[in-house]
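Coordinate analysis (summary)
Residue strings, one per chain:
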Amino acid sequence: MSETAYLPIIDLGLALQGDYATAGAQIGHAFTTSGFCYVRNHGIPDELIERVRHEAMDFFHAPMEEKLACKPKEAVRGFNALNRTIMYGADNPDYKEFFQIGLELPPDDPAVLAGQPLRGPNQWPAGRPAFRTAMMDYFNAVGVCGQALLRSVACSLGIAPDFFVGKYDRPLQRTQAIWYPPHPPEREHDQFGVAPHTDYGCITLLWQDGVGGLDVQGADGNWIPAPPIPGTLVINIGDLLCRWSNNRYHSNMHRVTNRSGKERLSIATFYDPDYDAIVDPRDLNLPEGTKAFFEPVSAGDYIIGRIRESQKPKAEAS
Ligand SMILES: O=C(O)CCC(=O)C(=O)O
Ligand SMILES: [Fe+2]
């Protein structure tokens with residue numbers, strides 16, 4: 001393991017070959033402290049990342065009418081314009097555009113027919129087959145990395161390595177290409193690309209381009225930069241895994257500001273379990289004599305509740 005100033009860089013090579021102990025111990029340490037780490041040897045080919053970057057930039061540079069033609073039917077899939085989401089407590093909506101995909105299910109899938117939130121066919125822009133292929137290839141590749149991470153996490157908690165991945169048959173994985181225009185100069189003082197927040201789900205895998213702008217909150221409340229490091233992904237946990245771990249793991253505040261004067265691209269994957277996966281801390285090897293702080297909750301109900309909250313205007317948000 002090597003370190004940046006604050007966040008560890010963990011090698012995932014062995015975990016991707018089925019040996020989770022070393023990465024598990026390091027990830028466990030990172031998640032009980034800052035809640036963040038970098039991973040290298042994550043298994044996603046550079047060529048694939050470059051393909052997504054290129055195709056996504058091309059899409060974000062397209063005319064707004066083309067992008068809006070694949071805006072989400074129900075909030076979560078397709079293109080989301082600037083100012084679409086607001087983080088709890090923030091004064092302004094986030095200054096970003098994003099294109100989001102999830103597990104590709106046909107319209108006649110029972111979960112889709114039943115109207116299960118977060119399910120459905122993806123909303124692809126017309127005439128961009130290379131964008132579609134790149135996003136789907138990335139979606140699949142980042143899922144493999146996510147599974148190695150979850151097995152390592154299970155190892156660090158002393159539970160069966162497949163405990164989490166056994167609840168990822170039809171995961172609520174959401175992968176977003178996120179485009180941050182430079183902040184308008186007159187709004188530099190109060191505009192965020194993403195306002196300070198914690199993620200909602202279990203584990204987030206983030207690729208960022210070379211521009212920078214992601215900060216993580218330190219234990220003293222100060223903001224610590226999480227700069228781009230070539231060949232790595234940034235990994236952090238969300239509130240659902242914090243809850244599942246009975247607060248042993250820490251889902252930490254982070255934010256994005258883009259004061260570079262340049263556009264910035266990131267690819268965030270929220271790697272979350274099946275809709276009906278029951279998140280109950282009692283299943284996670286609670287230390288002797290420790291009480292569970294949380295009641296069981298279904299992963300899907302929890303996550304869609306949090307997403308809907310983030311899309312309410314501030315006055316309505318609780
Ligand atoms: O784009 C980034 O660097 C981070 C984005 C993020 O934190 C989020 O979308 O939850
Ligand atoms: Fe986040």
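Keep in mind it's a predicted model, so treat the numbers as computed, not measured.

On to the overall build of the protein chain. Along the backbone of the protein chain there are eight helices and 15 strands. For 318 residues, the compact-globule formula gives about 20 Å, and the C-alpha radius of gyration of the protein chain, at 19 Å, lands near that figure. Each principal axis of the C-alpha atoms in the protein chain carries an extent, and together these give about 55 × 50 × 45 Å. With 318 residues in all, the protein chain has 42% of them scored as buried. Across the protein chain, contacts joining residues at least 24 apart in sequence account for 75% of those joining residues at least 6 apart.

Our focus in this paragraph is the site of ligand 1. Surveying the vicinity of ligand 1 reveals the residues I178, V194, D199, L206, Q208, L214, H254, V256, S266 and A268. Elements with a minimum of two residues in the shell around ligand 1: β8 (203–208), β12 (254–256) and β13 (264–271). Grouping the amino acids of the shell around ligand 1 by side-chain chemistry returns six nonpolar, three polar and one charged.

The feature "domain: Fe2OG dioxygenase" (unreviewed entry), as given by UniProt, occupies residues 167–273 in the numbering adopted here. Helix makes up 6% of residues 167–273 and strand 38%, with an end-to-end C-alpha separation of 6 Å.

Moving on to the sheet that holds strand β7 (residues 194–197). On the basis of which strands lie adjacent, the open sheet formed by four strands has the order β7-β12-β9-β10 and antiparallel pairing. The outermost strands of the open sheet, each flanked by one partner alone, are β7 and β10 (223–225). The sheet shows a mean angle of 25° between the axes of neighbouring strands, taken without regard to direction. Bridge analysis of strand β9 (residues 214–217) against β12 gives three bridges, and the strand direction is antiparallel. Following the sheet pairing, V216 is matched in β12 by H254.

Our focus in this paragraph is the pairing of β8. Of all six residues in β8, six are buried; the element is thus mostly enclosed. The alternating pattern of β8 places I203, L205 and W207 and T204, L206 and Q208 on opposite faces, both of which are buried. Where β8 lies against strand β11 (residues 232–237), four bridges are found, and the strand directions are antiparallel. Across the sheet, the residue bridging to T204 is N236, located in β11. Here six bridges tie β8 to β13, and the two strands are oriented antiparallel to one another. Within β13, the position partnered with W207 by the bridge is I267.

A word on the environment of R248. Here R248 shows up in the loop between α7 (239–244) and β12. Of the residues examined, R248 has 19 C-beta atoms within 10 Å and is grouped as partly exposed. For R248 and P287, which are 39 residues apart along the polypeptide, the C-alpha to C-alpha distance reads 10 Å.

Moving on, we get to helix α3 (residues 46–60). When the terminal C-alpha atoms of α3 are compared, their 21 Å separation across 15 residues agrees well with the 21 Å that a helix rising 1.5 Å per residue should span. Those residues of α3 not exposed but buried are I49, V52, E55, A56 and F59. All buried residues of α3 fall inside an arc of 140° around its axis, so they share one side. α3 presents D46, E47, E50 and D58 as exposed residues on the side facing more than 90 degrees away from its buried surface. Each element contacted by the buried residues of α3 is listed here: β5 (97–101), α6 (129–157), β6 (174–180), β8 and β13.

Along β6, seven of the seven residues are buried, which leaves the element largely enclosed by surrounding structure. Of the two faces of β6, the one lined by R174, Q176, I178 and Y180 and the one lined by T175, A177 and W179 are each fully buried. Note that β5 and β6 share five bridges and pair antiparallel. Paired with E97 across the strands is W179, a residue of β6. One ladder, built from seven bridges, connects β6 with β13; its direction is antiparallel. Looking at β13, one finds that R174 is bridged to F270.

Rules and cut-offs
- Residues numbered from 1 in each chain as written.
- Chains lettered and ligands numbered in written order.
- Predicted model: local features only at pLDDT ≥ 70, side-chain atom pairs only at ≥ 80, totals over all residues.
- Helix = DSSP H or I, 4+ residues; strand = E, 2+ residues; numbered from the N terminus.
- Rg over C-alpha atoms; globule rule 2.2 N^0.38 Å.
- Buried ≥ 20, exposed ≤ 12 C-beta atoms within 10 Å, placed from the backbone.
- Contact = placed C-beta atoms within 7 Å.
- Near = placed C-beta within 6 Å.
- Nonpolar A, V, L, I, M, F, W, Y, C, P; charged D, E, K, R; others polar.
- UniProt positions renumbered as here; feature names shortened; annotations may be inferred.
- Pairing = 2+ DSSP bridges.
- Axes fitted to C-alpha atoms, helices over the stretch in contact; angles between N-to-C directions.
- Expected span 1.5 Å × (residues − 1).
- Arc of directions from axis to C-beta.

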